[in-house]
Amino acid sequence: MTAHALADTVTMLRRSLRRMRRYPSLTLFIAGIPVVLMLLFVYVFGGTLGAGLGSSGGALGGGAANAGLDRDAYLAYVVPGILLIGVAGAGHGTAISVAMDMTAGIIARFRTMAIARGSVLAGHILGSVVQTLLATVIVVIVALAIGFRPTTGPLDWLAATGLIVLAAVAVSTLCVALGLAANSVETASNSPMFLTLLPFLGSGFVPASTMPGPLRWFAENQPFTPLNEALRGLLIGTPIGGTGLLAVAWCVGVAALGLIWALRLYERLPVRVGG
Amino acid sequence: MSAQRSTAGPAIWVRGLRKSFEKSVVLDGIDLDVDAGTVFALLGPNGAGKTTAIHILTTLLAPDAGEVLVGGVDVVRHPDAVRRLIGLTGQVSAVDQQFTGTENLLLMADLHHLGRAEGRARVHGLLERFDLVAAADRPVQTWSGGMRRRLDLAMTLVGDPRIIFLDEPTTGLDPRSRRVMHDIVRELVGEGVTVFLTTQYLDEADRPASRIALLDAGRIVALGTPAELKRLVPGGSVRLEFGSAADLEQAARVVDGNGPVRDEASLALEIRGEGGVHALRTLLDRLDAASVKVEAVTVRAADLDDVFLSLTGRSGSQEAPKP
């Protein structure tokens, strides 16, 4: 049984990857949302928001030249947040494809076969991580194309990649559970909505210190904020402090709880009866 | 594997199986014995509990009470050992719509840990056996329902299961796919595989099954070979057609004791349980004596529908009453 756990997980991962290859539109859609948001935030709001960061002369009366500098500063500031929006948004696709898969009769077939426990879910989680990383690569390419330049070194970039992988594992695991918990594909497409909103209510787009009381408290204590701060530090050299460790702890915690929840839901999945 | 295959006892052994969903009792104390290498048909109307029984036997659902051994293994205590012996083709299509037929079968080969060469050989053999070679490399979502159903069974056979469960295998199938299904079931039994199938079509259970259990509202109301079950009812029916309403009226009076069914529109009378030669002669003599002119006589041998009707008071195609 356990000797086959790895082989079965690889088989299930291959199933996810093949589907991804055959239907690339979901991956492109997942990459598309952060790209559009990035262009929106940088080119529409960036001049003013960048001025608000206090790195240059100021939005009012600063003129066209200053707006350009502000925009570049904002681009550097916002890219980590955009990357996390991409990771969080990918969870949507994960929940939907899990919910769709669970309504397919093939899952009942898997459950009557002597295959390793959890390999079906592991295939979904790993497949979703790969999809998230592909989408992230597209977002990074667009960011570089519009002028984003990380100021840190290759080791930091490697660490940043690791952090994104970890975040993707946490989001994917949680969203596999959300997909299993949903009793319809519609529910599955709504329930991860909060994940897409969370990065906005943190330090990704504007400093949390500019927010009013309770919102500020929330922004400073929610998981995306340490992730965002650590990622920003690893990309443009802002101070990281304790946020790195906190970010890793959040990811591991969410992934572990998500996995336990998902396995329980999978074991108790009702059997669909034909009409 | 060999130890599990040479189980001396019955392939399926069930005692006192009960299952309820919320307040409704679906299986109300069922006993079953299915010998290895035979076909067993669980026959019953919609809602009789057939699918629930299959789901319990295939480890998808836990029973509330009772003992269930499949291949000599307890389904509750050792589900994985049972899963190694069985294959299920359920009512809901269990194929991956987005992949091709070959990909679906190779997925099964991988999950059974067949080597690459062995897996490919087996997949190719199954595609041929199920008449699916031409469509093999097209996505399954472009296939017809009958082809998908055949692929479904082919996927079940990749792992070479010793006990196969088929839940209404031919429901909604075209004649060609239905014939392929029947042929395969016959072949499998020839190879020593045990086939447990459910159906609501009486004629289907009549053909390939060596034993039949009639399930009605969660209980088994009859059990035996098709011939044994047919012996439970007096035998067949006779349909008499008349030239006029007056003759029909007169004839109905003559045979009143046999509970005839009148068909006013076609001036016909159907009498159950009068299919035997002697009974038929007596019937015609009585009509003759009463000067009733019979235009045509059709004799129908007893079938499982008669068994069902006489045991449950309903035709096999009717819904079971809600408990």
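Note that the structure is predicted; figures quoted are calculated from it, not measured. (Residues numbered from 1 in each chain as written. Chains lettered and ligands numbered in written order. Predicted model: local features only at pLDDT ≥ 70, side-chain atom pairs only at ≥ 80, totals over all residues. Heavy atoms only, no water.)

A.B. asks: Got a minute to help me understand the environment of Glu295 of chain B in this structure?
C.D. replies: Residues and elements named next belong to chain B. Relative to the assigned elements, Glu295 resides in strand β14 (residues 294-300). Taking the C-alpha atoms as reference points, Glu295 and Ser244, separated by 51 residues in sequence, lie 9.5 Å from one another. Once you skip the residues sitting within four places of it in the chain, Glu295 turns out to touch Glu241, Phe242 and Gly243. Side chain to side chain, Glu295 and Lys293 meet in a polar contact 3.2 Å long. (Helix = DSSP H or I, 4+ residues; strand = E, 2+ residues; numbered from the N terminus. Contact = heavy atoms within 4.5 Å. Polar contact = N/O pair within 3.5 Å; in protein donor to acceptor, adjacent residues only side chain to side chain.)

A.B. asks: Can you walk me through the nonpolar core in this structure?
C.D. replies: Burial of nonpolar side chains together is a common tendency in soluble globular proteins. One finds Phe110, Leu180 and Tyr266 of chain A together with Leu105, Met108 and Phe130 of chain B to be the most contacted residues of the largest nonpolar core, which totals 62 residues. In this view, Phe130 of chain B contacts Arg150, Leu153, Ala154, Leu157, Val180 and Ile184 of chain B; residues no more than four positions away in its chain are not counted. Core analysis: the second largest hydrophobic core is formed by 46 residues, Phe41, Val78, Val171 and Leu195 of chain A among them. (Core = buried A, V, L, I, M, F, W, Y, C linked by side-chain atoms within 4.5 Å. Buried < 20%, exposed > 50% of the residue type's maximum accessible area, 1.4 Å probe, protein only.)

A.B. asks: Sorry, what's going on with the interface of chain B and chain A here?
C.D. replies: The interface of chain B with chain A comprises 32 residues on the first partner and 26 residues on the second. Here chain B and chain A share 6 salt bridges between them. Arg109 of chain A serves as the salt-bridge partner of Asp152 of chain B, at 2.4 Å between the closest nitrogen and oxygen. In this assembly, chain B and chain A are joined by 13 residue pairs in polar contact (both at pLDDT 80 or more). Put simply, the parts of the chain that give the side of chain B that touches chain A at least two residues each are α2 (50-57), α3 (79-83), β6 (86-89), α4 (101-111) and α6 (145-157) of chain B. Ranked by the residues each element gives to the side of chain B that touches chain A, the list is headed by α4 of chain B, at 6 residues. (Salt bridge = Lys/Arg side-chain N within 4 Å of Asp/Glu carboxyl O.)

A.B. asks: So what exactly am I meant to see when it comes to the sheet that holds strand β1 (residues 12-21) of chain B here?
C.D. replies: By definition, the strands of a sheet pair up through backbone hydrogen bonds, in either a parallel or an antiparallel sense. Residue and element names in this part refer to chain B. Read across the sheet, 4 strands follow the order β2-β1-β4-β5 without closing on themselves; strand pairing throughout is antiparallel. On the outer flanks of this sheet lie β2 (24-34) and β5 (73-74), each paired with one strand and no other. Where β1 and β2 come together, 8 bridges link them in antiparallel fashion. Across the sheet, Arg18 pairs through a bridge with Asp28, a residue of β2. Set on the sheet, α2 makes contact with β1, β2 and β4 (65-70); between it and β1 the angle comes to about 120°. (Pairing = 2+ DSSP bridges. Axes fitted to C-alpha atoms, helices over the stretch in contact; angles between N-to-C directions.)

A.B. asks: What is the right way to read the sheet that holds strand β7 (residues 163-167) of chain B from this model?
C.D. replies: Residues and elements named next belong to chain B. In spatial order, the strands read β6-β7-β8-β3-β9-β10; together these 6 strands make up an open sheet with mixed pairing. Two strands close off the open sheet at either side, each with one partner strand: β6 and β10 (219-224). The average angle at which neighbouring strand axes cross in this sheet is 15°, direction not considered. Sheet topology places strand β9 (residues 211-216) next to β10; 5 bridges connect them, and they run antiparallel.

A.B. asks: How should unusual backbone geometry be read in this particular structure?
C.D. replies: Peptide bonds are trans in most cases, and residues, glycine excluded, mostly fall at negative phi. Backbone geometry at His113 of chain B places phi at a positive 55°, although glycine is not the residue there. Despite not being glycine, Leu267 of chain B shows a phi value in the positive range, around 50°.

A.B. asks: When you look at the pattern of salt bridges in this model, what are you seeing that I'm missing?
C.D. replies: Two side chains carrying opposite charge are able to pair once their charged atoms lie near each other. In the structure shown here, the tally under the stated rule is 27 salt bridges over all chains. With its nearest N and O atoms 3.2 Å apart, the salt bridge here joins Glu187 of chain B to Arg129 of chain B. Placement of Glu187 of chain B in helix α7 (residues 175-190) and of Arg129 of chain B in helix α5 (residues 116-129) is noted, with a sequence separation of 58 residues between them. Here the salt bridges do not stand alone but share partners, grouping Arg15, Arg19 and Asp101 of chain A together with Asp96 of chain B into one network.

A.B. asks: Help me out: how do you make sense of the environment of Pro80 of chain A in this one?
C.D. replies: Considering the arrangement of structural elements, one finds Pro80 of chain A in helix α3 (residues 63-103). Along the primary structure Pro80 of chain A and Ala230 of chain A are separated by 150 residues, whereas in three dimensions their C-alpha atoms are 9.0 Å apart.

A.B. asks: Whenever I open this one, the side chain of Thr58 of chain B confuses me. Can you help?
C.D. replies: Along the chain, Thr58 of chain B turns up in the loop between α2 and β4. Judged by its relative accessible area of 0%, Thr58 of chain B falls in the buried class. Within the structure, the side chain of Thr58 of chain B is placed 3.4 Å from the backbone oxygen of His55 of chain B, a separation counted as a polar contact. Not counting residues within four places of it along the chain, the set of residues in contact with Thr58 of chain B comprises Thr112 of chain A together with Ile86, Leu88 and Phe165 of chain B.

A.B. asks: Can you help me understand the packing of aromatic side chains in this one?
C.D. replies: The geometry of an aromatic ring pair is captured by two quantities: the separation of the ring centres and the angle between the planes. Scanning the entire structure with this criterion turns up 7 aromatic pairs over all chains. Ring geometry for Phe41 of chain A against Phe200 of chain A: centres 6.1 Å apart, planes inclined by 35°, an arrangement best described as tilted. With a gap of 159 residues between them, Phe41 of chain A in helix α2 (residues 25-52) and Phe200 of chain A in the loop between α8 (193-197) and α9 (213-221) connect regions that are remote in the sequence. With a relative accessible area of 12%, Phe41 of chain A lands in the buried category. Against the face of Phe99 of chain B rests Arg18 of chain A, its NZ or CZ located 5.6 Å from the ring centre. Against the face of Tyr77 of chain A rests Arg232 of chain A, its NZ or CZ located 3.7 Å from the ring centre. (Phe/Tyr/Trp six-rings, centres within 6.5 Å; stacked < 30°, edge-to-face > 60°. Lys NZ or Arg CZ within 6 Å of the ring centre and 35° of its normal.)

A.B. asks: Any chance you could explain the side chain of Gln222 of chain A here in plain terms?
C.D. replies: All names here are of chain A. When you line up the elements, Gln222 lands in the loop between α9 and α10 (224-236). Residue class for Gln222 comes out buried when judged on its relative accessible area of 3%. Apart from the residues within four sequence positions on either side, Gln222 is in contact with Leu198, Pro199, Leu201 and Gly202.

A.B. asks: Quick question: what am I supposed to make of the confidence of the model for chain A here?
C.D. replies: Segments scoring low in pLDDT should not have their predicted coordinates read at a detailed level. Scored by pLDDT, chain A comes out at a mean of 88, with 93% of its residues at no less than 70. Residue range residues 55-62 of chain A is modelled with pLDDT below 50. Its contacts to residues more than four positions away, or to other chains, number 9 contacts. (pLDDT = per-residue confidence, 0-100.)

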